Amino acid sequence: MLARIGDIYIMNNMFMLSRQTGALSRQTPAAARNDGVSDLLAGEVVRNIKALDKFIGADGFACCGRITLADCALVPGLFLVGNVLPAVGVETPIPAIANVAAYWTAIEKNEHAGRVLFELHRGLEERREMIRSGALERFKAEAAAAHKAADAQN
């Protein structure tokens, strides 16, 4: 159930919000687009984290007293919450939701989750640099041209 909350109710909404607002390409916070979709997605994330708070473990892990698939689903989702919401001008709800805040503080110190978080931060910075330099647009254009060429051969 915890992995499902992480995958469907947090990650999915965070990806949609990021795509809607371009949040992962921003270095500095900016107000979310003033539209119902962004407001709805941000509100759903906050609501879903409050639901997660009722189920999450109190021992530094999502459940079972050790790293499980639930942690594997929650760590990237909460990473996105901490990086996407502020990028669209919405304060992250994690510190204000007691059990999730305690979990997040503990799991960030876990050696395995820490390595994942390090790579997520590194990847985010690489993406932002690719956007700033124009490399991402060039990559997309090259990929589109290759797909068009492949379709023409078929």
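Look a little higher up for the structure.
Participant: With reference to specific residues and values, describe the pattern of salt bridges.
Facilitator: Here the structure, examined in full by the defined rule, presents seven salt bridges. Its salt-bridge partner being Glu111, residue Arg115 comes within 3.7 Å of it at the nearest N-O pair. Of this pair, Arg115 and Glu111 are both found in helix α5 (residues 111-133), four residues apart, which corresponds to roughly one turn of the helix. The exposure class of Glu111 is exposed, given its relative accessible area of 55%. Residue Lys140 pairs with Glu137 through a salt bridge whose shortest N-O separation is 3.9 Å. Pair noted here: Lys140 and Glu137 are both in helix α6 (residues 135-153), with a separation of three residues, about one helical turn. Lys140 gets classed as partly exposed once you look at its relative accessible area, which sits at 46%.

Participant: If you had to explain unusual backbone geometry to someone new, which residues and values would you point to?
Facilitator: Unusually for a residue other than glycine, Cys64 sits at a positive phi of about 70°. Along the chain, Cys64 falls in the loop between α2 (36-53) and α3 (69-87). Residue classification places Cys64 among the exposed residues on the basis of a relative accessible area of 60%.

Participant: Outline α5, supporting the account with residue identities and numerical values.
Facilitator: A rise of 1.5 Å per residue sets the reference length of α5, with its 23 residues, at 33 Å; its end C-alpha atoms lie 33 Å apart and thus fit the reference within 8%. Listed in full, the buried residues belonging to α5 are Ala113, Leu117, Leu124 and Arg128. Those residues of α5 that are buried are in contact with α3 and α4 (98-109). N-capping of α5 is provided by Asn110, with a side-chain oxygen placed 2.8 Å from the backbone N of His112.

Participant: Can you tell me about α4, naming the residues and giving the values?
Facilitator: Under the 1.5 Å per step criterion, the end-to-end length of α4 is 17 Å for 12 residues, consistent within 8% with the ideal 16 Å. The complete set of buried residues in α4 reads Val100, Ala101, Tyr103, Trp104 and Ile107. Angular distribution of buried residues about the axis of α4 spans 160°; they occupy a single face of the element. Exposed and facing more than 90 degrees away from the buried side of α4 are Ala98 and Lys109. Those residues of α4 that are buried are in contact with α2, α3 and α5.

Participant: Describe the nonpolar core, with residues and values.
Facilitator: Counting residues in hydrophobic clusters, the biggest one holds 33 residues, and the most contacted among them are Met14 and Ile49. Elements with a minimum of two residues in this core: α1 (2-21), α2, α3, α4 and α5. The contacts of Met14, once residues within four sequence positions are left out, are Val45, Gly77, Leu80, Val81, Val84 and Leu85.

Participant: Give a description of the packing of α2 against α3 that names residues and reports values.
Facilitator: The interhelical angle for the contact between α2 and α3, taken along N-to-C directions, is 140°, at an axis separation of 12 Å. On the basis of their axis angle, the class for α2 and α3 is oblique. For the pair α2 and α3, the crossing hand works out as left-handed. Residues Ala42, Val45, Ile49 and Leu52 of α2 form the contact with α3, whose own contacting residues are Leu74, Leu78, Val81 and Leu85.

Calculation notes
- Residues numbered from 1 in each chain as written.
- Predicted model: local features only at pLDDT ≥ 70, side-chain atom pairs only at ≥ 80, totals over all residues.
- Heavy atoms only, no water.
- Salt bridge = Lys/Arg side-chain N within 4 Å of Asp/Glu carboxyl O.
- Helix = DSSP H or I, 4+ residues; strand = E, 2+ residues; numbered from the N terminus.
- Buried < 20%, exposed > 50% of the residue type's maximum accessible area, 1.4 Å probe, protein only.
- Expected span 1.5 Å × (residues − 1).
- Contact = heavy atoms within 4.5 Å.
- Polar contact = N/O pair within 3.5 Å; in protein donor to acceptor, adjacent residues only side chain to side chain.
- Arc of directions from axis to C-beta.
- Core = buried A, V, L, I, M, F, W, Y, C linked by side-chain atoms within 4.5 Å.
- Axes fitted to C-alpha atoms, helices over the stretch in contact; angles between N-to-C directions.
- Parallel < 35°, antiparallel > 145°, perpendicular 65-115°, else oblique.
- Left-handed = near helix turned anticlockwise from the far one by under 90°.

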